[in-house]
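# Topology and contacts: notes
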Amino acid sequence: MIRRAACAILAVFLLWSSAALAQWQGPPAPIDYAAWDRLAERAENDIEAGAIGIADLTELRASVVEWRERFAGGQNVNASRIATVRGQIEALGPAPAEGETEDEEIAARRATLNQQLSELQAPRATANEAHSRADAIVRTIDSLTAQRQAGELTRVSPSPLNPANWPKAGAQSVDLTRAIAADIRDRATVRGGWNNLQGNLPRALAYLAAALVLLTFGRRWIDSLPRRLSAQASVHSRAVLGFVVSLGQIVIPLLGIVLAVAALNATGIFGDYTTPILHALPMAGLILFGGRWIVRQAFPRVPIAYATVNLPEDKRDAVRLTAIILAALTAVHHVSATAILPLSGLNNGTDMAGRVPYEFDETAAGVLHFILIVPAALLLFRLGNILRRLMRWDDGDQPPYRARILSLAGRFSRVVAVLSLVLGAAGLITGVNAVLWPWIMSLALICLLILLQDLTADLFEMFTRGREGAREGLGPVLIGFALILLSAPLFALIWGARYSNLSEWWARIAQGVSLGGITLSPGAVLMFLIVFAIGYSGTRFVQGVFRSTILPKTRLDAGGQNAMVSGIGYIGIFLAAVLAITSAGIDLSSLAIVAGALSVGIGFGMQNIVSNFVSGIILLIERPISVGDWISAGGQQGIVKSISVRSTQVETFDRTQVIVPNSDLISQPVINWTRVSQSGRIIIPVSVAYGSDSRKVAEILREIIEDQPTVTIDPPPVVVLRALGPDGLNFEIRAILSDIGGGVGVTSEVLHRVVERFAEEGIEIPFAQRDIWLRNPEQLIEARVNPAASPMGTRSHTPEKIDPRLDDLPVLDGDDDE
């Protein structure tokens, strides 16, 4: 309860501070619309001419997006003044209808305020028009960029399988190597590189020594550290500790690569031909060591706590080796695509900035790319061949979702591998690079999401100290779903999206979607969730205060207290929902139109639910039954455990839970044994044999029932002779118990005492007696003497099988019907 209150106070403080910060920043700077018009006109002319390059197009788009953001801020200018003027106009009352007049002073004031409102809204209209123009230019640039990217993907280069193209690739590779060597030699000798090296030599050597230590001894040490530390940890924290420590397997070698690059840069002998390659090495190291870490975590040789994916040991080793080689090939592709080769995919090779000043032609670039594509495709096919059979090795009846996802990814990997080889041989190098390498990185990201979901479950298990069901609870599932949503931008970047594309998509999402006059945006949804969460937490806090502090000090019984707490909950949730809707900027009048349109359908389709809801409200207000009452309803008898809006939960005496719709408790007869008090009557029938002294029997029964401690004195118990039955005299003991819940126990004890007293007094308890009359004894005798001539049939009977007691039967005259 205290945590909920603290969270609510923190959320209110954050909302207040954000609003105060927005006011403190003051009004936005004025917009130079003349400069915007010049930029927009130039952009429209360049786009229409179609002669602008990708780099210039990207720069132009960034400028237009910056202007559009300024226009978006200008659409909210004078917001407070406009709201004030509108309030003043509304205070004057409604405008007169056509043909009517109003006071001259009020009319003049209304005209002045309307003029002020128009002047205040004019900057908004101008900003809105400029924003629409900027948005249209951005859309046009995005469309033109998409068309050019599609052309790049479908561009056919000379086939790399043609042997005539191989010498050109080799010659240009040699030329690049010579150019790099010449650049280093030139910077070392002509430009005074050796002199600079002497001054920077200690720093370079220090960086290089640290890099070598991290890449050799440090990497081996960090590889064994997670297992050594996890062996000393508790069972609940072992997996989390191993995961966190294992991150050093990425950080330490990556830091070694960064220090090695810094050491080489400190020498000062690397120039334009080598610097782009050095700058690409850290990201390549991240790809290599990150991929290696993901594979070792997802497919470990010996799991620290549990196996993330069930695979035989030989298949696990094969997956680990294949994936590590794929990570190395992906790192090499990143260096070549970023710094050296064209035709590398969607976002590589289009801008020469940051690349070596040597341009490969398409023929040589295609051959060099294909050298990487062939082993990568073959390894990907092998990896997919193992993953597609993943569900076969799962021990459970229902394979987990991760096995199904990885199995599907394995099947798709085989298709990607085959298509990469075929299309690459046909010359579609750019298209292959735009699919093959992103898919390999997507596989790595899928495995990373699985590992993060396991980490979330491990954290819940660690914090709950291994509580049953903690790993499979709702919290880990929701966090895993949030991780999948948050990974969408990463997948988009992998598959060629630019950061500008992501910002544009977010801008369009932030504008919201209009549904029936209601605009839903991420900000509105977030505001709704925050306000509703605050209201819900506040409601639960108030309920807890009333339940534990206020209501126990009143004269309300337990049922009334529960009804009061439930009513506070319903009212609080309703108010929280209304406040959340209004805070999100949703017009309730628009919702009224939608609700009116759906009211007829709801009335017919949900009439039972509405009936139960109304019945639940009636039960809470009138309280014909309360929690803890003993009731009989709908053929069920038990104790009321809870009353909700839709149904009531009753626990029978067999400890089974029965859910009774609230409408049944209102429309049907209900017996409430404990509504007014806990007292109730029991009736115990007792029978004695004929010939017993009825007065004495009644006195004994009265003594027995009066000895029971829960039997009331006022009214006293009664013993009555109820009937003269066929087997005996039928008495009834009628008594009022102070607690009817113990009626079964009292009845059992009374019957035990009756048996004991009747045995002492010699009173017989009757039992059923039946006399049997034989209507044809002569036939039975005849059947004994002469079975063959008996009219009872021709069954074969031996004399030994006839009851000898038949000899004692009396012989009757044949005319006697009896």
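Right, let's walk through the structure included here. From a predicted model like this one, the values you see are computed outputs, not experimental measurements. (Residues numbered from 1 in each chain as written. Predicted model: local features only at pLDDT ≥ 70, side-chain atom pairs only at ≥ 80, totals over all residues. Heavy atoms only, no water.)

What follows deals with a nonpolar patch on the surface. On the surface, F381, F412, V415, V418, L419, V422 and L423 cluster together into a nonpolar patch covering about 570 Å² of accessible area. Ranked by residue count, the leading element in the nonpolar patch is helix α13 (residues 401-426), at 6 residues. Counting through the fold element by element, V422 comes out in helix α13. Taking the relative accessible area as the measure of exposure, V422 reaches 52% and is therefore exposed. (Patch = residues over 30% accessible without salt bridge, like charges linked within 9 Å, V, L, I, M, F, W, Y side chains within 5 Å. Areas by Shrake-Rupley, 256 points an atom, 1.4 Å probe, with all protein chains shown as cover. Salt bridge = Lys/Arg side-chain N within 4 Å of Asp/Glu carboxyl O. Helix = DSSP H or I, 4+ residues; strand = E, 2+ residues; numbered from the N terminus. Buried < 20%, exposed > 50% of the residue type's maximum accessible area, 1.4 Å probe, protein only.)

Strand order in the open sheet formed by 5 strands is β6-β5-β4-β3-β7, with antiparallel pairing between adjacent strands. Because the sheet does not close on itself, it has two edges, and the strands there are β6 (657-661) and β7 (671-672). Note: strand β3 (residues 630-633) against strand β4 (residues 636-643), 4 bridges, orientation antiparallel. Paired with I631 across the two strands is G638, which belongs to β4. (Pairing = 2+ DSSP bridges.)

Looking now at the packing of helix α15 (residues 436-463) against helix α16 (residues 474-486). Relative orientation of the contacting elements α15 and α16 amounts to 150 degrees, with a least axis distance of 9 Å. One finds that α15 runs roughly antiparallel with respect to α16. Crossing angle aside, the handedness with which α15 passes α16 is right-handed. Across the interface between the two elements, L449, L452, Q453, T456, A457 and F460 of α15 pack against G475, P476, I479, G480, L483 and I484 of α16. (Axes fitted to C-alpha atoms, helices over the stretch in contact; angles between N-to-C directions. Parallel < 35°, antiparallel > 145°, perpendicular 65-115°, else oblique. Left-handed = near helix turned anticlockwise from the far one by under 90°. Contact = heavy atoms within 4.5 Å.)

The next subject is the side chain of S157. On the secondary structure map, S157 appears in the loop between α5 (104-153) and α6 (166-190). Relative accessible area serves as the criterion here: at 5%, S157 is assigned to the buried category. Not counting the four nearest positions on each side in its chain, S157 is found in contact with L343, E362, A426 and G427.

Across the junction of D714 and P715, the peptide omega takes the value 0 degrees, indicating a cis bond. In this fold, P715 is placed in the loop between α24 (694-706) and β9 (718-724). Phi at N78 takes a positive value of approximately 60 degrees, unusual for a residue other than glycine. Looking at the secondary structure, you find N78 in the loop between α3 (54-74) and α4 (79-91). Its relative accessible area of 27% is what places N78 among the partly exposed residues. The backbone of L343 shows a phi angle near 55 degrees, a positive value even though the residue is not glycine.

To continue, consider the pairing of strand β8 (residues 680-688). The alternating pattern of β8 places G680, I682, I684, V686 and V688 on a buried face, while none of R681, I683, P685 and S687, on the opposite face, is buried. Sheet topology note: the β8/strand β10 (residues 729-737) ladder contains 9 bridges and is antiparallel. Bridged to R681 within β10 is I736.

If you walk across this open sheet you meet the 3 strands as β8-β10-β9, and the pairing is antiparallel. This sheet does not close on itself; its edge strands, each paired only once, are β8 and β9. Averaged over all pairs of adjacent strands, the angle between their axes in this sheet comes to 25 degrees, without regard to strand direction. This element, α24, spans β8, β9 and β10 of the sheet and lies at about 25 degrees to β10. Sheet contacts for helix α25 (residues 743-761): β8 and β10; angle to β8, the most-contacted strand, approximately 25 degrees.

Turning our attention to the pattern of salt bridges. Taken as a whole and judged by the stated rule, the model has 22 salt bridges. A salt bridge links E699 to R702; the shortest N-O distance between them is 3.1 Å. Of the two residues, E699 and R702 are both situated in helix α24; the distance of 3 residues between them amounts to about one turn of the helix. Across the pair R722 and E732 runs a salt bridge whose closest N-O atoms are separated by 4.0 Å. Of the two residues, R722 is situated in strand β9 and E732 in strand β10; the sequence distance between them amounts to 10 residues. R722 gets classed as exposed once you look at its relative accessible area, which sits at 54%. You can call E732 buried: its relative accessible area is 15%. Beyond isolated ion pairs, a larger network of salt bridges with shared partners links K696, E703, R757 and E761.

This part takes up the environment of G725. Among the structural elements, G725 can be located in the loop between β9 and β10. Put simply, G725 and V688 are 37 residues apart on the chain and 9.8 Å apart in space, counted from C-alpha to C-alpha. Residues within four places of G725 in sequence aside, it is in contact with Y690 and N730.

What follows is about the packing of aromatic side chains. Throughout the structure, instances matching the rule amount to 10 aromatic pairs. Taken together, a centroid distance of 5.1 Å and an interplanar angle of 75 degrees make the contact between W36 and F71 edge-to-face. Taken together, the positions of W36 in helix α2 (residues 33-49) and F71 in helix α3 put the pair 35 residues apart, joining distant regions of the chain. For the pair formed by W36 and F71, the shared burial category is buried. Measuring from ring centre to ring centre gives 6.1 Å for F528 and F532, while their planes differ by 5 degrees; the resulting arrangement is stacked. In this pair, F528 and F532 are both assigned in helix α19 (residues 522-550), 4 residues apart and thus about one turn of the helix distant. Residue F528 is classed as partly exposed on the basis of its relative accessible area of 27%. Here a set of aromatic residues connected by ring pairs shows up, and it is made of Y33, W36, W67 and F71. R70 extends its terminal NZ or CZ atom over the ring of W67, reaching a point 4.6 Å from the ring centre. (Phe/Tyr/Trp six-rings, centres within 6.5 Å; stacked < 30°, edge-to-face > 60°. Lys NZ or Arg CZ within 6 Å of the ring centre and 35° of its normal.)

Fair warning: the whole summary comes from geometry, so function is off the table for now.
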